[in-house]
Amino acid sequence: MDKLCEFVIFFTIYSFLGWMIESIFASINEKKFINRGFLNGFVCPIYGFGAVLILLTSKWATNILGHSIAAVLMKIAFSVILVTILEYITGYMLEKFFNCKWWDYSNNMFNLHGYICVQYSLVWGLLTLALLQVVHPAISQTVASLPDAIKSWLAVLFVSYFAADTVKSIIDTLDLRNIIVNQANISVSQYYSKIMQY
């Protein structure tokens, strides 16, 4: 149970850090604050899932190859493949479910349906290296030092938060989609005020 609680905490931390990376990058490009991600809160769960996948597979590579440079390269290569597949599946599912793309790499070279591209797959490799060599060792040590009761409470709190935020975000997105599709006959000012609620 302790390991499960730790992974929930890691998922939350890396979802938040991913949101920070995404929001800073998008805000710099747009020259205004952009809250990136599907959920309303300050998290991008795809980063949390990606980080947890990387952590689980890195243990597998370490068990096979030890702590050699080959193990590090294998972890990075395998992580790039896994995270790229995760990004493709997530992008595809979001578009199929909500009829909207949350990101689009169509203008990037070597993209597949605009969901993934080589450029960002290489970025995931660099982020994997930073995660495994710098970020996670510090975070892991901090989380491991927490009492088990605190870890359990945090895990319950984070799972509850993600469940509530996911439900609210889905409802908001479907409501916004309904406004866009079904409110074409109202004035621009009424349309604008309805959309600005989101």
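Up top is the structure these notes are about.
Just so it is clear, the structure is predicted and the values come from calculations on it, not from any experiment. Residue positions within a chain follow its written sequence, with the count starting from 1. Per-residue local features of the predicted model are confined to residues with pLDDT of at least 70, and side-chain atom pairs are confined, for both listing and counting, to 80 or more; whole-chain, interface and lining totals are unaffected and use all residues. Water and hydrogen atoms were dropped before computing side-chain values, which therefore reflect all heavy atoms in the structure.

Chemist: Would you mind showing me how to read helix 2 (residues 45-65) here?
Modeler: Residues separated by three or four positions in an α-helix point in the same direction, a consequence of the helix having 3.6 residues per turn. Each helix is a run of H or I in the DSSP string that is no shorter than four residues. Each strand is a run of E no shorter than two, and both are numbered from the N terminus. To estimate how far a helix should extend, the number of its residues minus one is multiplied by 1.5 Å. Between the first and last C-alpha of helix 2 there are 30 Å, a value that for 21 residues agrees with the 30 Å anticipated at 1.5 Å per step. A simple rule labels every residue: compare its accessible area, found with a 1.4 Å probe on the protein chains alone, to the largest value its type can have, and call it buried under 20%, exposed over 50%, or partly exposed in between. Every buried residue of helix 2 is listed here: Pro45, Tyr47, Gly48, Gly50, Ala51, Val52, Ile54, Leu55, Thr57, Ser58, Ala61 and Thr62. Following helix 2 by one or two positions, Gly66 adopts a phi angle in the positive range, close to 75°.

Chemist: I'm lost on the packing of aromatic side chains in this one. Help?
Modeler: To describe a pair of aromatic rings, one takes the distance between the centres and the angle between the planes. A pair of aromatic rings is counted whenever rings of Phe, Tyr or Trp (Trp by its six-membered ring) have centres within 6.5 Å, and the orientation is called stacked for planes under 30 degrees apart, edge-to-face for over 60 and tilted otherwise. Going through the model one piece at a time under the given rule, you end up with 15 aromatic pairs. Judged by centre distance (5.8 Å) and plane angle (90°), the rings of Phe7 and Phe10 are edge-to-face. Here Phe7 pairs with Phe10, and both are found in helix 1 (residues 2-30), just 3 residues apart, close to one helical turn. Note on Phe10: relative accessible area 4%, which makes it buried. Each ring, one from Tyr92 and one from Tyr115, has its centre 6.2 Å from the other, and the planes form 85°; the classification is edge-to-face. One end of the pair, Tyr92, is in helix 3 (residues 69-98); the other, Tyr115, is in the loop between strand 1 (111-112) and strand 2 (116-117), and 23 residues separate them in sequence. Overall, the relative accessible area of 36% leaves Tyr92 in the partly exposed class. Ring pairing ties together the aromatic residues Phe11, Phe49, Tyr161 and Phe162, which thus form one cluster. Here the basic side chain of Lys101 rests over the ring of Tyr115, its NZ or CZ set 4.8 Å away from the ring centre. We call a charge positioned over a ring when the NZ of a Lys or the CZ of an Arg lies within 6 Å of the ring centre and within 35 degrees of the ring normal.

Chemist: How should the environment of Gly66 be read in this particular structure?
Modeler: Mapping Gly66 onto the fold places it in the loop between helix 2 and helix 3. Looking at Gly66, the relative accessible area reads 25%, which means it is partly exposed. Residue contacts are defined here by distance: any two heavy atoms, one from each residue, within 4.5 Å place the two residues in contact. Apart from residues lying up to four places away in sequence, Gly66 is in contact with Ala61 and Ala71.

Chemist: Which parts of the structure should I look at to understand the packing of helix 2 against helix 4 (residues 118-144)?
Modeler: Helix-helix packing is characterised by the crossing angle of the two axes and by the distance between the axes. For helices, the fitted axis covers only the stretch in contact; all axes are lines through C-alpha atoms, and the angles between them, taken along N-to-C directions, range from 0 to 180 degrees. Put simply, helix 2 and helix 4 touch, their axes get as near as 11 Å, and they point 70° apart. As far as their axial angle goes, helix 4 and helix 2 are roughly perpendicular. When the axes of helix 2 and helix 4 are compared, the crossing they make is right-handed. Mapping the contact onto sequence places Tyr47, Ala51, Ile54, Leu55 and Ser58 in helix 2 and Trp124, Leu127, Thr128, Leu131, Leu132 and His136 in helix 4. A breakdown of the residues in the contact of helix 2 with helix 4 according to their chemical character gives 8 nonpolar, 3 polar and no charged. Note that the term roughly parallel is reserved for angles under 35 degrees, roughly antiparallel for angles over 145, roughly perpendicular for angles of 65 to 115, and oblique for everything else. We call a crossing left-handed when the near helix sits turned anticlockwise from the far one by less than a right angle, and right-handed when that turn is clockwise. Put simply, Ala, Val, Leu, Ile, Met, Phe, Trp, Tyr, Cys and Pro go in the nonpolar bin, Asp, Glu, Lys and Arg in the charged bin, and everything else, Gly too, in the polar bin.

Chemist: I would appreciate a short explanation of the packing of helix 1 against helix 4 in the present structure.
Modeler: At a minimum axis distance of 11 Å, the contact between helix 1 and helix 4 shows a crossing angle of 135°. Of the possible angle classes, the one that applies to helix 1 and helix 4 is oblique. The element helix 1 and its partner helix 4 pack so that their crossing is right-handed. Across the interface between the two elements, Glu6, Ile9, Phe10, Ile13, Tyr14, Leu17, Ile21 and Phe25 from helix 1 touch Tyr120, Leu127, Leu131, Val135, His136, Ile139, Ser140, Val143 and Ala144 from helix 4. The residue makeup of the contact of helix 1 with helix 4, split by class, is 14 nonpolar, 2 polar and 1 charged.

Chemist: Explain the environment of Thr166 here, please?
Modeler: Inspection of the secondary structure puts Thr166 in helix 5 (residues 148-182). For Thr166, a relative accessible area of 30% puts it in the partly exposed group. Each C-alpha atom, one on Thr166 and one on Gly41, is 9.4 Å from the other, the two residues being 125 residues apart in sequence.

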